[in-house]
Amino acid sequence: MDAYLVAVASVVMIYALLAIGLNLQYGETGLINFGHVAFFALGAYASALLSLRGWPLAITFPIAALVAAVSAIPLGLAALRLREDYLAIVTLGFSESVRLVLQQEREITFGVQGVPGIPKLFGAFGGRLTDWAILAALFVAVALAAWATHLLQRSPFGRLLRAIRDNEPAVVALGKDPARFKIQVFMFGAALAGLAGAFYAHFLTFISPEQFVPLVTFHVWMSVILGGIGSLRGALAGTLLLVAFLEGSRFIRDLVPGIAEVQMASIRLAVVGLAIILFVLLRPQGLFGRDPQR
């Protein structure tokens, strides 16, 4: 049971890194990113493939964040020219393009067979101590990311991002150029996703393109919405709430007898969807979002 709880807590931390980055892009700046999973995948593959070639993890993790951040530059440039709905389509297409490349480039990424034998983070510790060490490292990474984001939100840079979100023409009229700020936000959020991907790869020790489908992005979106758009603590709390929904639904079969194993997937999806719909109806602003009536 302890191993299961540690694994679930590690998943919460990984999704928290993803949610912090997405919340900065959309909650603070108003940039719709439906391709967040692409940077997650790029970070995972970059760190995994380099580590299999003998690179130390202390180097592959920063490289994973850097690769994801650099790959976000084209999307940042696209954000300068596209409206919200078109940007959403472009980012979604970008994530699927990345996944297809990972499937087809067999000589580099091993294709649909995936990448096995990835060195486990803190694998030298052995046993349960390794999993606890990974969880501790993830906790530190999330804490540092949350602290950096908090400082950014309270800085003049953060106030400018919110101004771009609320009224970009007014920002331009004041002589500010939103272009470079949008690119920087895309890069920062992508770097956090790449770092999360590196942790993911060296936690599971196996990755494949099928693990990086658009559903991952929409899970992160649900975390941000449940917690409250634009709220840092909401992104963290929403992640915890979403994973609680997803993992808690696994025990439905124990509570309701007579459910076949093949029916569980559909029932879990229905229960999780219903729970999220009810939550949004009862508290549309999320756990820590601002009350729209005030």
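In this text, all values refer to a predicted model and were calculated from it rather than measured experimentally.

Criteria and cut-off values
- Residues numbered from 1 in each chain as written.
- Predicted model: local features only at pLDDT ≥ 70, side-chain atom pairs only at ≥ 80, totals over all residues.
- Heavy atoms only, no water.
- Helix = DSSP H or I, 4+ residues; strand = E, 2+ residues; numbered from the N terminus.
- Rg over C-alpha atoms; globule rule 2.2 N^0.38 Å.
- Buried < 20%, exposed > 50% of the residue type's maximum accessible area, 1.4 Å probe, protein only.
- Contact = heavy atoms within 4.5 Å.
- Areas by Shrake-Rupley, 256 points an atom, 1.4 Å probe, with all protein chains shown as cover.
- Lys, Arg positive; Asp, Glu negative; His and termini not counted.
- Charge placed at Lys NZ, Arg CZ, Asp CG, Glu CD.
- Salt bridge = Lys/Arg side-chain N within 4 Å of Asp/Glu carboxyl O.
- Expected span 1.5 Å × (residues − 1).
- Arc of directions from axis to C-beta.
- Core = buried A, V, L, I, M, F, W, Y, C linked by side-chain atoms within 4.5 Å.
- Phe/Tyr/Trp six-rings, centres within 6.5 Å; stacked < 30°, edge-to-face > 60°.

On to the overall build of the chain. Scanning the chain from N- to C-terminus turns up 13 helices and zero strands. Seen in sequence order, the chain has helices and strands lined up from the N terminus as α-α-α-α-α-α-α-α-α-α-α-α-α. Against the globule reference of 19 Å for 294 residues, the chain gives a C-alpha radius of gyration of 19 Å, in line with a compact fold. Its C-alpha atoms give the chain principal-axis dimensions of roughly 60 × 50 × 35 Å. Counting every position in the chain, which comprises 294 residues, the buried fraction comes to 47%. Of the contacts made within the chain by residues no fewer than 6 positions apart, 75% connect residues no fewer than 24 positions apart. As displayed, the chain has an accessible area near 14600 Å², and 68% of this comes from carbon and sulfur atoms. Of the side chains in the chain, 21 bear a positive and 16 a negative charge, and the two mean positions are spaced by 7 Å.

A side chain of one charge can pair with a side chain of the opposite charge if their charged atoms are brought near each other. Tallied over the full model, the rule gives five salt bridges. Notably, a salt bridge pairs arginine 162 with glutamate 28, separated by 3.0 Å at the nearest N-O pair. Pair noted here: arginine 162 is in helix 8 (residues 156-173) and glutamate 28 is in helix 1 (residues 2-28), with a separation of 134 residues, a long-range link. Since its relative accessible area comes to 3%, glutamate 28 is described here as buried.

Time to look at helix 5 (residues 84-104). One turn of an α-helix holds 3.6 residues; hence residues three or four places apart share an orientation. The first and last C-alpha atoms of helix 5 sit 30 Å apart over 21 residues, in line with the 30 Å expected at 1.5 Å per residue. Taken residue by residue, helix 5 has Leu87, Ala88, Thr91, Ser95, Val98, Arg99, Leu102 and Gln103 as its buried positions. What you see down the axis of helix 5 is that its buried residues fit within an arc of 165 degrees, all on one side. Buried residues in helix 5 make contact with helix 2 (36-52), helix 4 (73-79), helix 6 (106-109) and helix 9 (178-204).

Now for the nonpolar core. The biggest cluster of nonpolar side chains holds 70 residues, and the ones touching the most others in it are Leu17, Phe40, Phe199, Ile207 and Phe212. Sort the elements by how many residues they give to this core and helix 1 lands first, with 13 residues. Of all hydrophobic cores here, the second largest spans five residues; its members include Leu226, Leu242, Val272 and Ile276.

Right, let's talk about the side chain of histidine 36 for a bit. Considering the arrangement of structural elements, one finds histidine 36 in helix 2. The class for histidine 36 is buried, based on a relative accessible area of 1%. Ignoring anything within four residues of it in the chain, the contact list for histidine 36 reads Leu18, Gly21, Leu22, Gln25, Gly189, Ala193, Thr217 and Val220.

Counted by the stated rule, this structure contains eleven aromatic pairs. The rings of Tyr26, Phe34, Phe218 and Trp221 are connected pair by pair, giving a single aromatic cluster.

Moving on, we come to the environment of leucine 240. When you line up the elements, leucine 240 lands in helix 11 (residues 232-248). Owing to a relative accessible area of 53%, leucine 240 belongs among the exposed residues under this scheme. Leucine 240 sits 225 residues away from tyrosine 15 along the chain, and the two C-alpha atoms are 8.8 Å apart.

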